[in-house]
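Each chain, written out:
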Amino acid sequence: MKNINQMKLTISKVVLVMVAIIVFWWILVLIELSDFQSIFGNFSDCIDIRRLIEVAFIILVSKLYSKSLKISLKEMFTNIDFKILALSLVGATIYLLLFQVVLNGKMCTFKFDNWIRICWCIYIGLFEEIAFRSWGYTAFYSVYDDNSKIKLFNRFEVEKRALKASIMTNIFFALIHMQTYMMFEKYTHIWEYAGSLLIVFIVGMYFTMVFHKTKSIWNVVILHAFWDWFIGIMVF
C-alpha cells in the first residue's frame, strides 16, 4: 500500500479540498437552520461542532500531504514574530478606524465586551486561519512552481506563485463568509453582497501577506481575532 506521506499534491486536489470545506460548511449551516437543529440540542449551543469537524478534516488532509507542503505544520505552529505581530495590529487598528469613520461619517466610541466574546474571536480566528492560511495558502503556494517575481506599483517585488496562491485562497475565504451576509445582513441588492465579499477578500489578502512573511499561524490567528474583536467593540 502506498505510503500516505508520499501522496503528491496537485492544484486540482487543493481546489477539491477547498470546495469540500465550503460545501461541508454550507451543508452544516443549512442543517443548523432547519428542523434538524434539534438533533444537536444544547451541545450545538455550547460547542460549534461545525468548526471542530472542519478542523479535524483539514489537519487530516495536511498530514496526508505533509511531504508536499513548503511550510511544515511544526514550523507554522511553533513560530511567532512579535515585531510583525505588533506592526500588523497597528495597521489593522488604523485601517478599521479610518474605514469605519469614513463609512459611518462620524467617530466611534468603544464598548468593551466580556471575555466570552474575546474567546469566541480567538476560536473563530483559529478555525479560519487553519483552513485558509495553514492549509489553503500553503497548499496553493506549494503546488504553483513559478518562482519568478513581478513588480507591483513599480516598487514591490512579489513572487508570482505567492500572488496566485493568495488570490485563490482568498476567493474561497470570501465565499465562506457569504453565509454570514445572507443570514444576518439581509441585503436587497447583489452589489451589496459583492462589495462585502470584496472587502473580505482584501482583508484575507492582508492576513495572507502576514502569514507569508512570518510563516506563523499564531501571527494571523491573533491578528484575525483582534480584527473581529475590534469591529465588535466599535459603536457608532
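None of these values were measured; they are calculated from a predicted model.

Student: Honestly, the nonpolar core in this entry has me stumped. Any pointers?
Tutor: Across soluble globular proteins, nonpolar side chains have a tendency to be buried as a group. Ranked by size, the top nonpolar core spans 56 residues in total, and within it L9, M18, F132 and W135 carry the most contacts. Listing elements by their share of this core, those giving two or more residues are helix 1 (11-33), helix 3 (49-64), helix 5 (82-104), helix 6 (115-143), helix 7 (160-176), helix 8 (178-185), helix 9 (190-214) and helix 10 (217-233). The biggest single contributor to this core is helix 6, with 11 residues. Ignoring any residue separated from it by four or fewer positions in sequence, one finds M18 in contact with A131, F132, W135, G136, F140 and F172.

Student: Whenever I open this one, helix 7 confuses me. Can you help?
Tutor: Residues lying three or four places apart along an α-helix face the same way, a consequence of the helix completing one turn every 3.6 residues. Its 17 residues place the ends of helix 7 25 Å apart at the C-alpha level, agreeing with the 24 Å of an ideal helix rising 1.5 Å per residue. Among the residues of helix 7, R161, A162, A165, S166, T169, N170, F172, F173, A174 and I176 are the ones counted as buried.

Student: Before we go on, may I ask you to explain unusual backbone geometry in this structure?
Tutor: Trans is the common state for peptide bonds, and a negative phi is the common state for residues other than glycine. The backbone of K215 sits at a positive phi, close to 55°, despite the residue not being glycine. In this structure, K215 sits in the loop between helix 9 and helix 10. Its relative accessible area of 32% is what places K215 among the partly exposed residues.

Student: Even after reading the chapter, I still don't get the packing of aromatic side chains, so can you show me in this structure?
Tutor: Two measures describe an aromatic ring pair: the distance that separates the ring centres and the angle between the ring planes. The final tally for this structure, using the stated rule, is 15 aromatic pairs. Look at Y95 and W227: their rings are 5.4 Å apart centre to centre, the planes differ by 25°, and that puts the pair in the stacked class. On the criterion of sequence distance, the pair formed by Y95 in helix 5 and W227 in helix 10 is long-range, its members being 132 residues apart. A ring pair is formed by F132 and F173, whose centres lie 5.3 Å apart and whose planes are at 75°; its orientation type is edge-to-face. Taken together, the residues F132 in helix 6 and F173 in helix 7 connect sequence positions 41 residues apart. Ring-pair connections join several aromatic residues into one group, and the members of that group are Y95, F99, Y206, F207 and W227. The side chain of R133 reaches across the aromatic face of F173, ending 4.6 Å from its centre.

Rules and cut-offs
- Residues numbered from 1 in each chain as written.
- Predicted model: local features only at pLDDT ≥ 70, side-chain atom pairs only at ≥ 80, totals over all residues.
- Heavy atoms only, no water.
- Core = buried A, V, L, I, M, F, W, Y, C linked by side-chain atoms within 4.5 Å.
- Buried < 20%, exposed > 50% of the residue type's maximum accessible area, 1.4 Å probe, protein only.
- Helix = DSSP H or I, 4+ residues; strand = E, 2+ residues; numbered from the N terminus.
- Contact = heavy atoms within 4.5 Å.
- Expected span 1.5 Å × (residues − 1).
- Phe/Tyr/Trp six-rings, centres within 6.5 Å; stacked < 30°, edge-to-face > 60°.
- Lys NZ or Arg CZ within 6 Å of the ring centre and 35° of its normal.

Everything listed here is a matter of geometry and, on its own, says nothing about what the molecule does.
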